[in-house]
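Tertiary structure, described
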Amino acid sequence: MADIKGILFDKDGTLVDFHATWFAIGDMLALRVAGGDRERANHLLDIAGFDFEGHRFRPDSIFAAGTNAEIVALWYPQLGTAARNEVIAEFDRFTTQEGASKPVVLPGCKEALGDLHRAGFRLGVATNDSTGGAERTLAALGVAQLFEAAYGYDAVANPKPAPDTLYAFCDLTGLKPAQLAMVGDNRHDLEMARAGGAGLAVGVLSGTGTKETLEALADVVLDSIADLPAYLGAKG
(Lines give C-alpha, C1' and ligand atoms only; values in the text may rest on other atoms or scores of the structure.)
Protein backbone atom coordinates (compact mmCIF):
# COMPACT_ATOMS: atom_id res chain seq x y z
CA MET A 1 0.00 0.00 0.00
CA ALA A 2 2.92 2.37 0.59
CA ASP A 3 3.51 2.52 -3.16
CA ILE A 4 0.01 3.83 -3.96
CA LYS A 5 0.18 7.60 -4.42
CA GLY A 6 -2.87 8.33 -6.56
CA ILE A 7 -6.45 7.11 -6.87
CA LEU A 8 -8.80 7.18 -9.85
CA PHE A 9 -12.47 6.85 -8.99
CA ASP A 10 -15.36 5.84 -11.16
CA LYS A 11 -18.24 8.28 -10.61
CA ASP A 12 -21.67 6.64 -10.78
CA GLY A 13 -22.07 3.83 -8.29
CA THR A 14 -18.77 4.75 -6.64
CA LEU A 15 -19.15 8.39 -5.59
CA VAL A 16 -22.80 8.85 -6.55
CA ASP A 17 -25.80 6.61 -5.85
CA PHE A 18 -26.33 5.24 -9.35
CA HIS A 19 -29.96 4.15 -9.05
CA ALA A 20 -31.16 7.17 -7.10
CA THR A 21 -29.46 9.58 -9.50
CA TRP A 22 -29.87 7.91 -12.87
CA PHE A 23 -33.06 5.85 -13.13
CA ALA A 24 -35.34 8.86 -13.58
CA ILE A 25 -32.91 10.35 -16.13
CA GLY A 26 -32.75 7.10 -18.09
CA ASP A 27 -36.52 6.82 -18.01
CA MET A 28 -36.93 10.36 -19.35
CA LEU A 29 -34.46 9.67 -22.15
CA ALA A 30 -36.20 6.41 -23.09
CA LEU A 31 -39.62 8.10 -23.17
CA ARG A 32 -38.25 10.87 -25.39
CA VAL A 33 -36.75 8.37 -27.81
CA ALA A 34 -40.00 6.36 -27.75
CA GLY A 35 -42.14 9.41 -28.46
CA GLY A 36 -43.99 8.98 -25.17
CA ASP A 37 -44.86 5.31 -25.81
CA ARG A 38 -44.50 3.67 -22.37
CA GLU A 39 -44.22 0.14 -23.71
CA ARG A 40 -41.57 1.11 -26.22
CA ALA A 41 -39.67 3.06 -23.55
CA ASN A 42 -39.68 0.04 -21.26
CA HIS A 43 -38.24 -2.06 -24.10
CA LEU A 44 -35.44 0.49 -24.59
CA LEU A 45 -34.66 0.44 -20.88
CA ASP A 46 -34.66 -3.35 -20.90
CA ILE A 47 -32.16 -3.68 -23.74
CA ALA A 48 -29.98 -0.99 -22.12
CA GLY A 49 -29.83 -3.06 -18.94
CA PHE A 50 -32.71 -2.27 -16.60
CA ASP A 51 -34.01 -5.28 -14.69
CA PHE A 52 -37.70 -4.52 -14.10
CA GLU A 53 -38.12 -7.48 -11.79
CA GLY A 54 -35.19 -6.48 -9.60
CA HIS A 55 -35.83 -2.72 -10.06
CA ARG A 56 -32.17 -2.01 -10.79
CA PHE A 57 -29.71 -1.80 -13.66
CA ARG A 58 -27.87 -5.01 -14.37
CA PRO A 59 -24.13 -5.14 -13.64
CA ASP A 60 -21.92 -4.20 -16.61
CA SER A 61 -24.95 -3.32 -18.78
CA ILE A 62 -24.68 -0.52 -21.31
CA PHE A 63 -26.58 1.92 -19.12
CA ALA A 64 -24.61 0.98 -16.02
CA ALA A 65 -21.17 0.94 -17.62
CA GLY A 66 -21.34 2.33 -21.13
CA THR A 67 -21.15 5.76 -22.74
CA ASN A 68 -23.85 7.94 -24.23
CA ALA A 69 -22.42 7.03 -27.63
CA GLU A 70 -23.07 3.36 -26.91
CA ILE A 71 -26.61 4.04 -25.71
CA VAL A 72 -27.36 6.08 -28.82
CA ALA A 73 -25.94 3.32 -31.05
CA LEU A 74 -28.20 0.82 -29.28
CA TRP A 75 -31.37 2.93 -29.40
CA TYR A 76 -30.82 4.49 -32.85
CA PRO A 77 -29.15 1.73 -34.89
CA GLN A 78 -30.42 3.16 -38.16
CA LEU A 79 -28.76 6.58 -37.90
CA GLY A 80 -25.81 7.63 -40.02
CA THR A 81 -22.68 9.10 -38.49
CA ALA A 82 -23.65 12.79 -38.68
CA ALA A 83 -27.15 12.27 -37.31
CA ARG A 84 -25.86 9.95 -34.59
CA ASN A 85 -23.28 12.52 -33.48
CA GLU A 86 -26.05 15.12 -33.16
CA VAL A 87 -28.07 12.80 -30.93
CA ILE A 88 -24.98 11.98 -28.83
CA ALA A 89 -24.37 15.69 -28.31
CA GLU A 90 -28.00 16.14 -27.21
CA PHE A 91 -27.73 13.16 -24.83
CA ASP A 92 -24.53 14.66 -23.39
CA ARG A 93 -26.25 18.01 -22.81
CA PHE A 94 -29.28 16.39 -21.21
CA THR A 95 -27.38 14.01 -18.92
CA THR A 96 -24.89 16.73 -17.93
CA GLN A 97 -27.72 19.05 -16.93
CA GLU A 98 -29.93 16.48 -15.23
CA GLY A 99 -27.25 14.24 -13.70
CA ALA A 100 -25.30 17.13 -12.23
CA SER A 101 -28.33 19.08 -11.03
CA LYS A 102 -29.23 16.74 -8.18
CA PRO A 103 -26.71 13.92 -7.75
CA VAL A 104 -27.27 11.70 -4.70
CA VAL A 105 -23.97 11.23 -2.88
CA LEU A 106 -23.23 7.83 -1.38
CA PRO A 107 -22.97 7.61 2.43
CA GLY A 108 -19.48 8.32 3.73
CA CYS A 109 -18.20 9.47 0.34
CA LYS A 110 -17.28 13.04 1.23
CA GLU A 111 -15.62 12.03 4.48
CA ALA A 112 -13.57 9.34 2.73
CA LEU A 113 -12.45 11.71 -0.01
CA GLY A 114 -11.44 14.28 2.59
CA ASP A 115 -9.40 11.70 4.51
CA LEU A 116 -7.64 10.53 1.36
CA HIS A 117 -6.89 14.07 0.19
CA ARG A 118 -5.48 15.04 3.58
CA ALA A 119 -3.31 11.93 3.51
CA GLY A 120 -1.70 13.22 0.32
CA PHE A 121 -3.25 10.99 -2.32
CA ARG A 122 -3.63 12.52 -5.80
CA LEU A 123 -7.28 12.09 -6.75
CA GLY A 124 -8.98 11.87 -10.13
CA VAL A 125 -12.22 10.68 -11.71
CA ALA A 126 -12.46 8.26 -14.63
CA THR A 127 -16.04 7.98 -15.87
CA ASN A 128 -17.89 6.97 -19.00
CA ASP A 129 -20.18 9.95 -18.46
CA SER A 130 -19.14 13.13 -20.28
CA THR A 131 -16.31 15.24 -18.89
CA GLY A 132 -18.68 18.17 -18.42
CA GLY A 133 -21.10 15.96 -16.52
CA ALA A 134 -18.33 14.70 -14.25
CA GLU A 135 -17.01 18.18 -13.49
CA ARG A 136 -20.47 19.56 -12.73
CA THR A 137 -21.30 16.60 -10.52
CA LEU A 138 -18.14 17.06 -8.45
CA ALA A 139 -18.98 20.75 -8.08
CA ALA A 140 -22.57 19.93 -7.06
CA LEU A 141 -21.28 17.51 -4.43
CA GLY A 142 -18.88 20.14 -3.08
CA VAL A 143 -15.78 18.00 -3.62
CA ALA A 144 -14.34 19.39 -6.86
CA GLN A 145 -11.45 21.02 -5.01
CA LEU A 146 -10.20 17.60 -3.89
CA PHE A 147 -9.63 16.35 -7.44
CA GLU A 148 -6.86 17.15 -9.87
CA ALA A 149 -8.79 16.03 -12.93
CA ALA A 150 -12.03 14.47 -14.12
CA TYR A 151 -11.95 12.47 -17.34
CA GLY A 152 -15.11 11.57 -19.25
CA TYR A 153 -15.43 9.27 -22.22
CA ASP A 154 -15.00 12.33 -24.46
CA ALA A 155 -11.65 13.31 -22.91
CA VAL A 156 -9.68 10.36 -24.29
CA ALA A 157 -9.45 8.48 -27.58
CA ASN A 158 -10.65 5.23 -25.99
CA PRO A 159 -12.81 5.23 -22.84
CA LYS A 160 -12.97 2.49 -20.20
CA PRO A 161 -12.17 -0.37 -20.26
CA ALA A 162 -9.22 0.91 -22.34
CA PRO A 163 -6.38 2.31 -20.19
CA ASP A 164 -6.23 5.76 -21.86
CA THR A 165 -7.65 7.60 -18.85
CA LEU A 166 -5.20 5.95 -16.48
CA TYR A 167 -2.30 6.97 -18.69
CA ALA A 168 -3.65 10.53 -18.97
CA PHE A 169 -3.74 10.82 -15.18
CA CYS A 170 -0.18 9.50 -15.00
CA ASP A 171 0.92 12.13 -17.53
CA LEU A 172 -0.75 14.85 -15.46
CA THR A 173 0.58 13.80 -12.06
CA GLY A 174 3.93 12.27 -12.98
CA LEU A 175 2.96 9.04 -11.24
CA LYS A 176 3.52 5.60 -12.68
CA PRO A 177 0.59 3.24 -13.31
CA ALA A 178 1.86 0.97 -10.53
CA GLN A 179 1.41 3.89 -8.11
CA LEU A 180 -2.29 4.25 -8.91
CA ALA A 181 -5.37 2.57 -7.48
CA MET A 182 -8.50 2.33 -9.62
CA VAL A 183 -11.80 2.15 -7.73
CA GLY A 184 -15.13 1.26 -9.30
CA ASP A 185 -18.35 -0.72 -9.17
CA ASN A 186 -18.22 -2.37 -12.60
CA ARG A 187 -15.93 -4.76 -14.37
CA HIS A 188 -14.83 -2.17 -16.91
CA ASP A 189 -13.27 -0.13 -14.10
CA LEU A 190 -11.19 -3.11 -13.04
CA GLU A 191 -10.46 -4.10 -16.64
CA MET A 192 -9.00 -0.63 -17.17
CA ALA A 193 -6.86 -1.09 -14.06
CA ARG A 194 -5.53 -4.40 -15.36
CA ALA A 195 -4.98 -3.13 -18.91
CA GLY A 196 -3.08 -0.09 -17.65
CA GLY A 197 -0.96 -1.87 -15.06
CA ALA A 198 -2.48 -0.10 -12.05
CA GLY A 199 -0.97 -1.05 -8.73
CA LEU A 200 -4.33 -1.73 -7.10
CA ALA A 201 -7.78 -2.61 -8.45
CA VAL A 202 -10.56 -1.97 -5.94
CA GLY A 203 -14.14 -3.10 -6.50
CA VAL A 204 -16.96 -1.51 -4.53
CA LEU A 205 -20.46 -2.88 -3.90
CA SER A 206 -22.16 0.52 -3.74
CA GLY A 207 -23.31 0.49 -7.37
CA THR A 208 -24.49 -2.09 -9.89
CA GLY A 209 -21.68 -4.62 -9.53
CA THR A 210 -21.76 -7.61 -7.22
CA LYS A 211 -19.05 -9.54 -5.42
CA GLU A 212 -19.49 -12.30 -7.99
CA THR A 213 -18.99 -9.96 -10.95
CA LEU A 214 -16.06 -8.06 -9.42
CA GLU A 215 -13.91 -10.40 -7.37
CA ALA A 216 -12.19 -12.16 -10.28
CA LEU A 217 -10.65 -8.85 -11.42
CA ALA A 218 -10.28 -7.00 -8.11
CA ASP A 219 -7.43 -7.11 -5.63
CA VAL A 220 -10.02 -6.32 -2.99
CA VAL A 221 -13.79 -5.78 -2.92
CA LEU A 222 -15.06 -3.23 -0.38
CA ASP A 223 -18.61 -2.29 0.54
CA SER A 224 -18.00 1.30 -0.56
CA ILE A 225 -15.29 3.95 -0.68
CA ALA A 226 -16.16 4.75 2.93
CA ASP A 227 -13.94 1.74 3.72
CA LEU A 228 -11.06 2.89 1.50
CA PRO A 229 -9.17 5.23 3.89
CA ALA A 230 -8.92 2.52 6.53
CA TYR A 231 -7.85 -0.01 3.91
CA LEU A 232 -5.11 2.33 2.66
CA GLY A 233 -4.15 3.44 6.16
CA ALA A 234 -5.30 6.99 5.52
CA LYS A 235 -8.06 7.32 8.09
CA GLY A 236 -8.02 10.79 9.57
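Here we look at the environment of Asp185
Along the chain, the position of Asp185 falls in the loop between β6 (180-184) and α9 (187-196). Under the relative-accessibility criterion, Asp185 is labelled buried at 1%. Filtering out sequence-adjacent residues up to four positions away, Asp185 remains in contact with Asp10, Asp12, Gly13, Thr14, Val204, Gly207, Thr208, Gly209 and Leu214. At 2.9 Å, the side chain of Asp185 forms a polar contact with the backbone nitrogen of Thr208.

Some thoughts on empty space enclosed by the protein
Under the counting rule described, the total for this entry stands at one cavity of 30 Å³ or more. Its volume calculated, the largest cavity comes out at about 240 Å³. Forming the boundary of the largest cavity are 22 residues, of which Asp12, Phe63, Gly66, Asn128 and Asp129 lie nearest the centre. Among the elements of the structure, α1 (18-33), α3 (62-65) and α4 (68-75) are those that each provide at least two residues to the lining of the largest cavity.

A look at the pairing of strand β1 (residues 6-9)
Going residue by residue along β1, you find Gly6 and Leu8 tucked away on one face and Ile7 and Phe9 tucked away on the opposite face as well. Here β1 pairs with strand β4 (residues 122-126) via four bridges, running parallel. Its bridge partner lying in β4, Ile7 is registered against Leu123. Of the strand pairs in this sheet, β1 and β6 are connected by four bridges, and their pairing is parallel.

Quick look at the nonpolar core
Among the nonpolar cores identified, the biggest contains 30 residues, and Ile7, Phe9, Leu15, Leu113 and Phe147 are the most heavily contacted of them. Looking at this core, the elements with two or more residues in it are β1, α6 (109-118), β4, α7 (131-141), β6, β7 (200-204), β8 (220-222) and α11 (228-232). Among all residues touching Leu113, those that are not within four sequence positions of it are Phe9, Leu15, Leu123, Val143, Leu146, Phe147 and Ile225. In this structure, Leu29, Ala41, Ile71 and Tyr153 belong to the second largest nonpolar core, which totals 23 residues.

Observations regarding the packing of aromatic side chains
Per the counting criterion, the structure on display carries eleven aromatic pairs. Seen in terms of ring centroids, Phe57 and Phe63 are 4.6 Å apart; in terms of plane orientation they differ by 10 degrees. Their pairing is stacked. Residue class for Phe63 comes out buried when judged on its relative accessible area of 9%. One aromatic cluster is present, built from ring pairs that chain together Phe18, Phe23, Phe50, Phe52, Phe57 and Phe63. The side chain of Arg32 reaches across the aromatic face of Phe94, ending 4.7 Å from its centre.

Describing the pattern of salt bridges
By the definition in use, this model includes 13 salt bridges. Residue Asp129 is joined to Lys11 by a salt bridge in which the shortest nitrogen-to-oxygen separation is 3.1 Å. In this pair, Asp129 is assigned in the loop between β4 and α7 and Lys11 in the loop between β1 and α1, connecting sequence segments 118 residues apart. Lys11 matches Asp129 in its accessibility class, with the two residues each being buried. Among the ionic pairs, Arg58 bridges to Asp46, the shortest N-O distance being 3.8 Å. Note that Arg58 is positioned in the loop between β3 (56-57) and α3 and Asp46 in helix α2 (residues 38-48), a separation of twelve residues in sequence.

Criteria and cut-off values
Residues numbered from 1 in each chain as written. Predicted model: local features only at pLDDT ≥ 70, side-chain atom pairs only at ≥ 80, totals over all residues. Heavy atoms only, no water. Helix = DSSP H or I, 4+ residues; strand = E, 2+ residues; numbered from the N terminus. Buried < 20%, exposed > 50% of the residue type's maximum accessible area, 1.4 Å probe, protein only. Contact = heavy atoms within 4.5 Å. Polar contact = N/O pair within 3.5 Å; in protein donor to acceptor, adjacent residues only side chain to side chain. 1 Å grid on protein atoms, 1.4 Å probe; cavity = no way out; pocket = protein on both sides within 12 Å on 5 of 7 lines; lining within 4 Å. Points joined across faces, edges and corners; volume = space filled by probe spheres on them. Pairing = 2+ DSSP bridges. Core = buried A, V, L, I, M, F, W, Y, C linked by side-chain atoms within 4.5 Å. Phe/Tyr/Trp six-rings, centres within 6.5 Å; stacked < 30°, edge-to-face > 60°. Lys NZ or Arg CZ within 6 Å of the ring centre and 35° of its normal. Salt bridge = Lys/Arg side-chain N within 4 Å of Asp/Glu carboxyl O.

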